[in-house]
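Breakdown of the fold
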Amino acid sequence: MIPHSARPLLAIAALACGPAAAQSGLADRFRQLDRNADGRLSREEAGTAPFFVPADRDGDGFLTPAEAEAHARQSAATARNRTAGMEGDGAGPMTLRVKPVEIPETESPIQTLDAKAADGRAARAFWRKPKGDGPFPAVVFVHGGLTQFPEENLRRQVQVNPVITRMLAAGYAVAQATFRTYEQDVQSRGPIEDVRAVAHALAKAPGVDARRIALFGGSGGGSIALELGADPAVRAIVAGEPATVLYTGMLTTGEYGPRLAIMADPERYLTPDLRARTLEKLKTLRAPVMILHSDQHDLHKLNAPLFVPLMKEAGVKVEYREYPGYGHGFYFGGGDDRWGKGADEAVVEKVVSDVSAFLGRATAGPPDTQPGPGRLSGLQRYRLWAAGETAVRRQDLRAIEKLAEISRRVATSGDRSPDPSAELRELLGQIETRLGLPPPREIPSHLKPEDYPFAVARRERLDVRFANTDGVEAGPQSLNVHAPAGGMDHPILVFIHGGGMKGGDKAHPGITVLKPDFFIARGYVFASINYRLAPAHKHPAQAEDTAAAIAWLHDHAAEFGGDPERLFLLGISAGAQLAAVVSTNERFLAKHRKGLDVIQGAVILDIGSFDIPTLMEQAGERAPEMYRTTFRDGGTREDWIDLSPFYHVRRGKSIPPMLLCFVAGRDHHAAENRRFSERLTAEGYEATVLAAEGKTHLSLELDIGLSGDVPTAKILEFFDRRTRRSERGSIKAAAPSGGESIGDGTPQGRP
């Protein structure tokens, strides 16, 4: 409600804001308020509204009709040209220039979500989920302003909003929440409790992953979302130009005038006391935060220089993204060209991409370190598989039977058992002791839950055929894609298995047990490829299939949420040979009209040889079996060169940065990797050499994804450095250096 004393001037301003025909009404309204008919409005007649002082230009304590009309016109211009601070984000009229993604209700019906706030007040939202059983990560959208939305508006938003529908199409359950009107008390906790109730209700909805609930609030709704950052049910927060004049306590009235004044000069109003109180509030936030901002709205003067530094001081995990030139509300696909231009297709796609990537990182893994009842952590699943491999290899029937018992208990316990994890750990321990396996690695105390590989929600495409060579069955020319459950533009990691060119498979447990979870949890698409095997298929079949798979993933990236401009290779043993040669010998990708520049980085794990001719000539009859079976009749020197990365490194190509990792303690491999690294750096490319201490050829691969594993950390660091879009194409050579790493350092550009 507007205070009675403020109504007279508001009424005048409202008339002036209307069409010209309403100007005669302004004079009539002035005469009604002028109770003593002296042609002036006194303070008593006008009330105590804060507009009186600025309208009384001569400061004589009275308003004339001319002063009232001038102030009303100025207010109208302000309302047209500058939003009141919390509109344009769904709180007021929005011009949606961007079309929504049309998802039929037969596929994704609109459902009602009823909840009850802490004070017993009913709260209602409308929501949709993707087609399928889930569980799906979910986003609760919170509009801006200070006023409750009608139900028909909520329902319409989940149908037509371009950002909401794109998030739904990307694999998220989406809900549009509202809250009780609080213009009369802008520091009320009621709206916060309304949104909290909706988030908790959505977490219990069928098909929703209760561990992956995020809030996406705009302006005033962004402030509400931040208020809920300490709620255990909220895993992440996205705030579009949050109205932190509310969160900080700076704004205590619903009037427009104070909003504009505070946002125009926030440093003046953020007193030391309010700053200290805000800092303490921020210290309670558990959820990571992404802030989306324009550089046009006055909230930018508060959030960029004052509020974000406070968040960092409080230890909040915050990511700040700026979208220059756009108007307030762009993050919901709206805006009406006040405070900048309205949203367009480009910014909507960018917002959805940035938000999806952030949520993929922020909500990966469960909110605590213990798997729920009936579930196994990534480490437990790895141990179970490793024990099974050992038992089968040793033909230990008692151990195999015991493992089968564990598997049955996991499969049947579900949530009906109080907590089978302790019993499972005991059984695993017994088997590992019996088989003489090394002690399992537990979670180091300094690691946070998100650093540890747990099973994560995903979308998958399995056994996808990437080539159709005559006479070849689908299996050898197929791949598996494991992608984050939601979002777009995720970097793509292509895993190329080993096996001496004559064995191995994309779905081997050594690949599937830990690696997809580990990389999906960090926002990557994990693709594992097959290729034709020797001796039935000789060189160049293996390299041709590897290139064909890379080309297919590059062309089809959008279908599984991948970013074709951030594609990386990870190869082990024979797979390392293929990764290295496809990254240097351009002829294989050229068959698919691709250049080497489609690969942004390659990790080469324990390769057989970078220089096959030298190896074959020196080894003679003792040459590795892999190379004897790969080539027809042992191969010619030309064949060997074709598969040797060393001979294809020349300046002027687009050879990607490489991480060369090998098992420490083998002099021949150390010399091979050092020589190839020096070859790369001499020609202007980047190379890093890593000697993996305490590893075997097998454990180097199998341990990727284990917490505390040094090669895993180095691999992730290598990829993460290159996943930022701003660094694409800007990797140059680094000067060789001594020690374990060679050429590890100065990022420069590909020649």
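Up top is the structure.
As a starting point, this report considers the structure included with it. (Residues numbered from 1 in each chain as written. Predicted model: local features only at pLDDT ≥ 70, side-chain atom pairs only at ≥ 80, totals over all residues. Heavy atoms only, no water.)

Their axes nearest at 10 Å, the elements helix α21 (residues 541–555) and helix α22 (residues 574–584) cross at an angle of 70°. Our classification of the angle between α21 and α22 gives roughly perpendicular. α21 and α22 meet at a crossing whose hand is right-handed. Taking contact as the criterion, the partners of Q542, A543, T546, A547 and I550 in α21 are, on α22, L578, V581 and V582. (Axes fitted to C-alpha atoms, helices over the stretch in contact; angles between N-to-C directions. Helix = DSSP H or I, 4+ residues; strand = E, 2+ residues; numbered from the N terminus. Parallel < 35°, antiparallel > 145°, perpendicular 65-115°, else oblique. Left-handed = near helix turned anticlockwise from the far one by under 90°. Contact = heavy atoms within 4.5 Å.)

This part takes up the sheet that holds strand β13 (residues 490–496). The strand order across the open sheet formed by 8 strands is β11-β12-β14-β13-β15-β16-β17-β18, and the pairing between neighbours is mixed. Since the sheet does not close on itself, it has two edges, and those belong to β11 (458–465) and β18 (687–692), each with one partner. Between one strand and the next, the sheet's axes are offset by a mean angle of 15°, whatever the strand orientation. Direction of pairing for strand β16 (residues 601–605) relative to strand β17 (residues 658–663): parallel, over a ladder of 4 bridges. Along β17, the bridge assignment pairs L605 with C661. (Pairing = 2+ DSSP bridges.)

By the definition in use, this model includes 37 salt bridges. Residue R461 pairs with E559 through a salt bridge whose shortest N-O separation is 2.6 Å. Of this pair, R461 sits in strand β11 while E559 sits in the loop between α21 and β15 (562–572), and the two are 98 residues apart along the sequence. Each member of the salt-bridge network shares a partner with another, and the members are D119, R121, R180 and D194. (Salt bridge = Lys/Arg side-chain N within 4 Å of Asp/Glu carboxyl O.)

Turning next to the environment of F149. Among the structural elements, F149 can be located in the loop between β5 (136–142) and α6 (151–160). Classification of F149 by relative accessible area gives buried; the value is 10%. Note: C-alpha distance between F149 and F179 (30 residues apart in sequence) is 7.5 Å. (Buried < 20%, exposed > 50% of the residue type's maximum accessible area, 1.4 Å probe, protein only.)

Right, let's talk about the packing of aromatic side chains for a bit. Under the defined criterion, the tally for this structure stands at 19 aromatic pairs. Where F519 meets Y524, the ring centres are 6.0 Å apart and the plane angle is 80°; that geometry is what we call edge-to-face. With a relative accessible area of 1%, Y524 lands in the buried category. An aromatic cluster of at least three residues, connected via ring pairs, comprises F495, F518, F519, Y524, F526, F568, F718 and F719. Geometry around F62 places R40 over its ring, the cationic atom sitting 3.8 Å from the centre. (Phe/Tyr/Trp six-rings, centres within 6.5 Å; stacked < 30°, edge-to-face > 60°. Lys NZ or Arg CZ within 6 Å of the ring centre and 35° of its normal.)

Ordered in space as β3-β4-β6-β5-β7-β8-β9-β10, the 8 strands form an open sheet in which the pairing is mixed. Among the strands making up the open sheet, the edge pair consists of β3 (111–116) and β10 (318–322). Within this sheet the neighbouring strands show an average axis-to-axis angle of 20°, counted without direction. As defined by bridge partners, β5 adjoins strand β6 (residues 173–177) across 5 bridges and the pair is classed as parallel. When the bridges of β6 are listed, F141 appears paired with Q176. Helix-sheet contacts for α6 involve β4 (122–128) and β6, and the interaxial angle to β4 is about 25°. Each of β9 (289–293) and β10 is contacted by helix α14 (residues 299–313), which is oriented at about 160° to β10, the strand it contacts most.

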